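# Overview (structure and organization)
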Amino acid sequence: MENYLCKGHKALEELKDDEVIRKRLLIDGDGAGDDRRINLLVKSFIKWCNSGSQEEGYSQYQRMLSTLSQCEFSMGKTLLVYDMNLREMENYEKIYKEIECSIAGAHEKIAECKKQILQAKRIRKNRQEYDALAKVIQRHPDRHETLKELEALGKELEHLSHIKESVEDKLELRRKQFHVLLSTIHELQQTLENDEKLSEVEEAQETSMETDPKP
């Protein structure tokens, strides 16, 4: 795009140079010495005015007509070139405006493409984030399954709580029974010790009675 713009500016500069050349052509014909022909025409006119004989005047007159015809031809050719250059300049200006419009349109398209690229990048990023989040969600059960598991765990915990209470009641019962058993054993042991002591006393009495003489 910048190359087209540079070419357009260069074309305008060339048009300015052509304008200078065109003005010089109007002054100097086609650049082949029209100013010299005009000077020659003036000299021929002066000679014709100062001619002494009719033949010399006629000769100078023919020269003036020939020189004037050449000048008119050169002038006509110069005007044609000038008109052609004007049309070319108009064409260059039209092309330059078209190039400027194309450049402006290209800049707008580039800006729009940049916006579309940024939007596409955002969409791609969002999709990647959504995919990652979906993978995380898929690794975990859904809410319904989670509630069912929580309900099952609650029931299991309640069942275990009942089992614990039952075990504690049984343990308390066994503790009481063990305490009663210990008390019974202790009482039995005490009874046995008392019976043993009583037996020893009775045996001692019997022994004493046997050793004592009869009256």
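Throughout this description, residue numbers start from 1 for each chain and increase along the sequence as written. Per-residue local features of the predicted model are confined to residues with pLDDT of at least 70, and side-chain atom pairs are confined, for both listing and counting, to 80 or more; whole-chain, interface and lining totals are unaffected and use all residues. Hydrogens and water are ignored here; the side-chain numbers use all heavy atoms of the structure.

## Focus on the overall build of the protein chain
A count of helices and strands for the protein chain gives 4 helices and 0 strands. Here a strand is any run of E in DSSP of at least two residues, a helix any run of H or I of at least four, and the numbering for each starts at the N terminus. Counted from the first residue to the last, the protein chain has its helices and strands arranged as α-α-α-α. The contact rule is simple, with two residues in contact once any of their heavy atoms fall within 4.5 Å. In the protein chain, once contacts between residues fewer than 6 apart in sequence are set aside, the share between residues at least 24 apart is 67%. As presented, the protein chain carries roughly 18900 Å² of accessible surface, and 58% of it is formed by carbon and sulfur atoms. All accessible-area figures derive from a Shrake-Rupley calculation using a 1.4 Å probe, and residue coverage is judged against the displayed protein chains alone.

## Some words on helix 3 (residues 54-138)
How far a helix is expected to stretch is found by multiplying one less than its residue total by 1.5 Å. Under the 1.5 Å per step criterion, the end-to-end length of helix 3 is 123 Å for 85 residues, consistent within 8% with the ideal 126 Å. Of all the positions in helix 3, only Gly57, Gln60, Met64, Thr67, Cys71, Ser74, Thr78, Asn85, Tyr96, Ile99, Ile103 and Ala106 are classed as buried. Relative accessibility under 20% of the residue-type maximum defines a buried residue, over 50% an exposed one, and the middle range a partly exposed one, all with a 1.4 Å probe and only protein chains included.

## Topic: the pattern of salt bridges
Whenever a carboxyl oxygen of Asp or Glu lies within 4 Å of a side-chain nitrogen of Lys or Arg, that contact is scored as a salt bridge. For the structure shown, the criterion picks out 2 salt bridges. Across the pair Lys155 and Glu151 runs a salt bridge whose closest N-O atoms are separated by 3.8 Å. Taken together, the residues Lys155 and Glu151, both in helix 4 (residues 143-211) and 4 residues apart, mark about one turn of the helix. With a relative accessible area of 53%, Lys155 lands in the exposed category. Given the relative accessible area of 47%, Glu151 is considered partly exposed. A salt bridge links Glu172 to Arg175; its shortest N-O distance comes to 2.4 Å. Taken together, the positions of Glu172 and Arg175, both in helix 4 and 3 residues apart, correspond to about one turn of that helix. Judged by its relative accessible area of 35%, Glu172 falls in the partly exposed class.

## Quick word on a nonpolar patch on the surface
Like charges are joined within 9 Å and nonpolar side chains (Val, Leu, Ile, Met, Phe, Trp, Tyr) within 5 Å, but only among residues with over 30% relative accessible area and no salt bridge; these make up the patches. Together, Ile38, Val42, Phe45, Ile46, Trp48, Tyr58, Tyr61 and Leu65 make up a nonpolar patch on the protein surface, roughly 760 Å² of accessible area in all. Contributions of two or more residues to the nonpolar patch are made by helix 2 (34-49) and helix 3. With 5 residues, the single largest contributor to the nonpolar patch is helix 2. With respect to the element layout, Ile46 can be found in helix 2.

## Considerations on the confidence of the model for the protein chain
Every residue carries a pLDDT, the predictor's confidence in it, which falls somewhere between 0 and 100. The predicted model of the protein chain averages 77 in pLDDT, with 79% of residues at 70 or higher. Here helix 1 (residues 2-28) stands out as the element of the protein chain with the lowest mean pLDDT, 47, in contrast to helix 3, whose mean of 87 is the highest. Under a pLDDT of 50 for its full length, residues 1-9 has, in the predicted model, 8 contacts with residues more than four places off or in other chains.

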